Amino acid sequence: MEFKRGDSPTSINPHDFIIQAEEYGVPQARHRVILLGVREDIPINSRQLLNKIEKQVNVGDVIADLPPIRSILSRA
């Protein structure tokens with residue numbers, strides 16, 4: 001969804017701008033609105049900015065390759 005110069009704020013549906021993070025590889029069911037401003041003289045295709053993923057991502061997928069950490073308190 002794009003909002004361009006001259007568009008009336010009353011003519012847009014705010015729900016069109018909500019991004020459901022879980023559809024883009026974030027292992028959280030949080031919904032966000034991200035505002036991104038681009039100068040008019042820079043050509044950009046706004047559809048290239050967001051790519052939905054096919055498979056749902058869980059926390060295990062995201063942190064599986066991180067090294068284990070140990071608390072200083074648990075060392076013997």
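Keep in mind that this is a model prediction, so the values were computed, not measured. (Residues numbered from 1 in each chain as written. Predicted model: local features only at pLDDT ≥ 70, side-chain atom pairs only at ≥ 80, totals over all residues. Heavy atoms only, no water.)

### Digging into the overall build of the protein chain
- Helices and strands together make up the secondary structure of the protein chain, namely 1 helix and 2 strands.
- Starting at the N terminus and ending at the C terminus, the protein chain contains elements arranged as β-β-α.
- Scaling as 2.2 N^0.38, a compact globule of 76 residues should have a C-alpha radius of gyration of about 11 Å, whereas the protein chain reaches 19 Å, well beyond that.
- Dimensions of the protein chain, computed from the C-alpha atoms along their principal axes, are close to 65 × 25 × 25 Å.
- Burial status across the protein chain gives 4% buried among its 76 residues.
- For the protein chain, contacts bridging at least 24 residues in sequence account for 41% of all contacts bridging at least 6. (Helix = DSSP H or I, 4+ residues; strand = E, 2+ residues; numbered from the N terminus. Rg over C-alpha atoms; globule rule 2.2 N^0.38 Å. Buried < 20%, exposed > 50% of the residue type's maximum accessible area, 1.4 Å probe, protein only. Contact = heavy atoms within 4.5 Å.)

### Thoughts on a nonpolar patch on the surface
- A surface patch of nonpolar side chains, amounting to about 520 Å² of accessible area, comprises Leu36, Val38, Ile42, Ile44, Leu49 and Leu50.
- Inspection of the secondary structure puts valine 38 in the loop between β2 (31–32) and α1 (59–63).
- Residue classification places valine 38 among the partly exposed residues on the basis of a relative accessible area of 36%. (Patch = residues over 30% accessible without salt bridge, like charges linked within 9 Å, V, L, I, M, F, W, Y side chains within 5 Å. Areas by Shrake-Rupley, 256 points an atom, 1.4 Å probe, with all protein chains shown as cover. Salt bridge = Lys/Arg side-chain N within 4 Å of Asp/Glu carboxyl O.)

Bear in mind that shape data such as this cannot, by itself, settle questions of function.
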